[in-house]
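Analysis of the macromolecular model
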Amino acid sequence: MPGMDATAPKQSWREALAVYRRPTVITMLLLGFSAGLPFMLVFATLSAWLRELDVSRTAIGFFSWVGITYSIKFIWSPVVDRMPLPVLGRWLGQRRSWIVLGQLGIATGLVGMALTDPRTALLPVALLALLVAFASATQDVAIDAFRIESDIDRYQGALAATYQMGYRMAILASYTGALYLADLGSWTIAYLVMAGLMGVGMVTVLLRPEPVARVDRLTAAQEPRVVAFVDAHSDMPGWLRQTLAWLIGAVVCPLTDFFGRFGWLALVVLALVASFRISDIAMASMANPLYIDLGYSKAMIANISGAYGLAMTMIGAVLGGALAARYGLMRPLLLGAVLAAATNLLFAWMAGQGGAAWALVITISADNLSGGLAGSVFIAWLSSLTNTAYTATQYALFSSLMTLPGKFLSGFGGIVVDALGYPSFFVISAVLGLPAILLIVFLMRRATKPGAVDAAPSTDGQ
């Protein structure tokens, strides 16, 4: 069964760590930087800029709506997956052309924001921020497909690890770096420099080859049958038949392919996708309020939770990629689920330590290390679930599903804290991680049954 590699051959630690020398793995470090750069520039960094110009908090709050584009990117993912771009597509290929188009949209939007004064033209800034967010979400869809198709399942953990590292480095540059540039120069300079940094991703795309997606025999046979069925309705206008044929191939077939490969286990897999990150996402909204209420200074929070936490996340991501290369995906996935839930208990413990600095260090160390490890392995596992014929569409659906439940529950965090206190809240958030652990154990046991493990569709690109 794809994604359930209980019989994966074991590698030595030297071989597992050597994965970080692969060209595909290094590529994802740079593309991760390209993906992460726009995020803060339309959220926290932009909010700081607007507030400094005395834009109302109400208006700044409305700006957060541009983030909806990241949550609904699955809507246009079939277009990114299947529709070739007229000129760029012939030159660069399907994946690289869409990545470059997204990067050009981001750079254009950032330059426009840099040259616009929010005090006199707030609406244009909002529209340009929306352009940046939309182009960024489109780039994410294309990069995810590029990553999955660039290498085989065993190396997806390392690809995900370097992608996370690049993403975090970009957030540091687009927030801390942009604030320094704005302080030393101006917001115009800061946003122009950030637009220039999109060149990192553009050059990377131009230097790396287009991945080759392999369409398995089942998929190759499925779409012609569906298209033939639609074409058989000769009473339909030609444009309608062609539109329906495209929609079935781009939207319906990715879903029928997934359920066809997994059968009833597809429901178990989707339940795991939805529950794996509930524990850490649900608690995230109350982490900073806890730090403040315990009396930690903003400088200490920034240094320990920010800079130091970033370093621990990177270490965890590298460790997760190495574990995936050495042991396969399922055992590290189980470890990540256990650690993600268990580290929430540290927050409950820290709430009773009276603001001791060492308690914050211990908690941030464990939480970020486990978060990086779990994140890289989970992204690799999600990637192994996709069919390379529908990579962008299927992964966009998975990535949306994995965050929505946790985001919904996180909205009730303040209510729970007010009613029960911080320790009870974080214990409850830890308990929310138990379903994911049980589902992973179930899938691992299922995979060990005779005849249960099949080869996942993958590519062996360099």
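Residues numbered from 1 in each chain as written. Predicted model: local features only at pLDDT ≥ 70, side-chain atom pairs only at ≥ 80, totals over all residues. Heavy atoms only, no water.

Observations regarding the overall build of the protein
Along the protein, the regular secondary structure elements total 24 helices and zero strands. Sorting the 462 residues of the protein into buried and exposed places 54% on the buried side. For the protein, restricting intrachain contacts to residue pairs at least 6 apart in sequence, the fraction spanning at least 24 positions comes to 83%. Of the accessible surface of the protein, which amounts to about 19700 Å², a share of 70% is contributed by carbon and sulfur atoms. (Helix = DSSP H or I, 4+ residues; strand = E, 2+ residues; numbered from the N terminus. Buried < 20%, exposed > 50% of the residue type's maximum accessible area, 1.4 Å probe, protein only. Contact = heavy atoms within 4.5 Å. Areas by Shrake-Rupley, 256 points an atom, 1.4 Å probe, with all protein chains shown as cover.)

Here we look at unusual backbone geometry
Here the phi dihedral of aspartate 54 falls at roughly 65°; this positive angle occurs in a residue that is not glycine. Structurally, the position occupied by aspartate 54 is in the loop between α3 (44–52) and α4 (57–63).

Thoughts on the pattern of salt bridges
Evaluation of the coordinates by the stated rule reveals nine salt bridges. Arginine 22 is the partner of aspartate 151 in a salt bridge, and the nearest nitrogen-oxygen pair spans 3.0 Å. Taken as a pair, aspartate 151 in the loop between α9 (122–150) and α10 (156–184) and arginine 22 in the loop between α1 (13–18) and α2 (23–41) lie far apart in primary sequence, 129 residues in all. Owing to a relative accessible area of 0%, aspartate 151 belongs among the buried residues under this scheme. Arginine 51 is paired through a salt bridge with aspartate 54; the nearest N and O atoms lie 4.0 Å apart. With a relative accessible area of 34%, arginine 51 lands in the partly exposed category. It is possible to trace a salt-bridge network through shared partners that takes in Asp81, Arg95 and Glu149. (Salt bridge = Lys/Arg side-chain N within 4 Å of Asp/Glu carboxyl O.)

Structural notes on the environment of alanine 173
Inspection of the secondary structure assignment puts alanine 173 in helix α10. Residues alanine 173 and methionine 40, 133 residues apart in the sequence, show an inter-C-alpha distance of 9.3 Å. Setting aside anything within four residues of it in sequence, one finds alanine 173 in contact with Phe33, Ala178 and Met194.

Digging into the packing of aromatic side chains
Evaluation of the coordinates by the stated rule reveals 17 aromatic pairs. Seen in terms of ring centroids, phenylalanine 276 and phenylalanine 378 are 4.2 Å apart; in terms of plane orientation they differ by 5°. Their pairing is stacked. One end of the pair, phenylalanine 276, is in the loop between α15 (265–275) and α16 (278–284); the other, phenylalanine 378, is in helix α20 (residues 357–384), with 102 residues separating them in the sequence. One exposure class covers both phenylalanine 276 and phenylalanine 378, and it is buried. Between tyrosine 422 and phenylalanine 426 the ring centres are 6.4 Å apart and the planes differ by 20°, which places this aromatic pair in the stacked class. Residue tyrosine 422 and its partner phenylalanine 426 are located together in helix α23 (residues 422–431), separated by four residues, close to a single helical turn. No difference in accessibility class separates tyrosine 422 from phenylalanine 426, as the two residues are buried. One aromatic cluster is present, formed by Phe258, Phe259, Phe262 and Phe398 through successive ring pairs. Between arginine 22 and the ring centre of tyrosine 155, over which it is positioned, the NZ or CZ distance is 3.9 Å. Between the NZ or CZ atom of arginine 147 and the centre of the ring of tyrosine 395, over which it lies, the distance is 5.0 Å. (Phe/Tyr/Trp six-rings, centres within 6.5 Å; stacked < 30°, edge-to-face > 60°. Lys NZ or Arg CZ within 6 Å of the ring centre and 35° of its normal.)

Notes on α9
In this model α9 runs 41 Å from its N-terminal to its C-terminal C-alpha over 29 residues, within 8% of the 42 Å that 1.5 Å per residue would give. With 21 of its 29 residues buried, α9 lies for the most part within the structure. (Expected span 1.5 Å × (residues − 1).)

Notes on the nonpolar core
Ranked by size, the top nonpolar core spans 66 residues in total, and within it Leu46, Leu110, Met113 and Tyr191 carry the most contacts. At 12 residues, the largest contribution of residues to this core is made by α9. Excluding residues within four positions of it along the chain, leucine 110 makes contact with Leu41, Val132, Tyr191, Met194 and Ala195. Grouped together as the second largest cluster of nonpolar side chains are 32 residues, Val268, Val269, Met402 and Ile440 included. (Core = buried A, V, L, I, M, F, W, Y, C linked by side-chain atoms within 4.5 Å.)

Some remarks on a nonpolar patch on the surface
Taken together, the side chains of Phe62, Trp65, Ile68, Ile72 and Ile75 make up a nonpolar region of the molecular surface, amounting to roughly 530 Å² of accessible area. Looking at the element boundaries, tryptophan 65 is found in the loop between α4 and α5 (68–71). (Patch = residues over 30% accessible without salt bridge, like charges linked within 9 Å, V, L, I, M, F, W, Y side chains within 5 Å.)

Some thoughts on the packing of helix α19 (residues 330–350) against α20
A pair of packed helices is captured by two measures, namely the crossing angle of their axes and the spacing between those axes. At their nearest, the axes of α19 and α20 sit 8 Å apart, and the two run at 155° to each other. Our classification of the angle between α19 and α20 gives roughly antiparallel. In this structure, α19 meets α20 at a crossing whose hand is left-handed. Partitioning the contact of α19 with α20 into residue classes produces 19 nonpolar, five polar and one charged. (Axes fitted to C-alpha atoms, helices over the stretch in contact; angles between N-to-C directions. Parallel < 35°, antiparallel > 145°, perpendicular 65-115°, else oblique. Left-handed = near helix turned anticlockwise from the far one by under 90°. Nonpolar A, V, L, I, M, F, W, Y, C, P; charged D, E, K, R; others polar.)

Quick word on the side chain of serine 384
Residue position: serine 384 is located in helix α20. Within the structure, serine 384 has its side chain in polar contact with the backbone oxygen of tryptophan 381 (distance 2.6 Å). (Polar contact = N/O pair within 3.5 Å; in protein donor to acceptor, adjacent residues only side chain to side chain.)

A closer look at the packing of helix α8 (residues 94–114) against α9
As a packed pair, α8 and α9 sit with axes 8 Å apart at the nearest point and diverge in direction by 155°. The angle between α8 and α9 places the two elements in the roughly antiparallel class. Considering how the two elements wind past one another, α8 and α9 form a crossing that is left-handed. Taken together, the residues of the contact of α8 with α9 break down into 15 nonpolar, eight polar and three charged.

A word on the confidence of the model for the protein
On average, residues of the protein score 85 in pLDDT, and 88% of them reach the 70 mark or higher. Predicted confidence for residues 451–462 stays below pLDDT 50, and this span has 42 contacts to residues more than four positions away or in other chains. (pLDDT = per-residue confidence, 0-100.)

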